[in-house]
Amino acid sequence: MTTTETLPAAEAASIQKALRRKPKTIVAETTKPRLYIGIDPGAHTGYAAWDAWDKRLTFVGELTIYEAIVAVKDTRDTTAYPILVRIEDARMRTWFGNT
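Let us look at the structure shown here. (Residues numbered from 1 in each chain as written. Predicted model: local features only at pLDDT ≥ 70, side-chain atom pairs only at ≥ 80, totals over all residues. Heavy atoms only, no water.)

1. Here's the deal with the pairing of strand β3 (residues 56-63)
Put simply, the test is: Pairing between strands is defined by DSSP: at least two bridges between the two strands are required. Labels follow the DSSP assignment, with helices taken as runs of H or I lasting at least four residues and strands as runs of E lasting at least two, numbered in each case from the N terminus.
As judged from the 7 bridges shared by strand β2 (residues 45-51) and β3, these two strands associate in the antiparallel manner. In the strand pairing of β3, Asp51 is matched with Arg56. In this antiparallel pair of consecutive strands, β2 and β3, the connection spans 4 residues, and Lys55 shows a positive phi of 55 degrees.

Now the structure itself:
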């Protein structure tokens with residue numbers, strides 16, 4: 001097809017429709033997180049970081065919620081590898097018996 005030819009209307013409409021669709025996010029196996037961060041918010045916010053490549057905990061401690069947020073932000077800004085952050089939701093706890 002030369003630049004002076006035009007596409008059939010049906011094909012042009014199909015291409016325009018495809019361009020309007022949002023692209024699907026594809027996560028490759030190589031993008032598995034290196035660092036896993038867990039936060040247990042509460043009066044005493046627990047914070048833990050696990051390095052999956054070195055297979056060791058890099059930090060376990062108690063922070064304020066604001067310190068935990070800053071720690072996650074700083075980690076995200078200073079690392080070149082993927083991280084995963086998990087925050088506990090105590091409302092999702094399953095109760096057993098009368099405890």
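Don't stop here, the text continues.
2. Some words on the pattern of salt bridges
A side chain of one charge can pair with a side chain of the opposite charge if their charged atoms are brought near each other. Condition: The term salt bridge refers to a pairing of a side-chain nitrogen on Lys or Arg with a carboxyl oxygen on Asp or Glu at a separation within 4 Å. Type-normalised accessible area, obtained with a 1.4 Å probe on protein chains alone, sets the label of each residue: buried when under 20%, exposed when over 50%, and partly exposed for intermediate values.
Under the criterion given, the structure shown has 4 salt bridges. With a closest N to O distance of 3.1 Å, Arg34 and Asp51 form a salt bridge. Here Arg34, found in the loop between α1 (9-20) and β1 (35-40), pairs with Asp51, found in strand β2; they are 17 residues apart in sequence, far enough to count as distant. Across the pair, exposure class does not vary: Arg34 and Asp51 are buried alike. Of the charged contacts, one joins Lys73 and Asp77 as a salt bridge, the two residues approaching to 2.9 Å between their closest N and O atoms. Taken together, the residues span about one helical turn, with Lys73 and Asp77 both in helix α2 (residues 65-78) at a distance of 4 residues. Residue Lys73 is classed as partly exposed on the basis of its relative accessible area of 44%. Exposure remark for Asp77: the relative accessible area of 44% places this residue in the partly exposed category. The network of salt bridges with common partners includes Arg34, Asp51 and Asp54.

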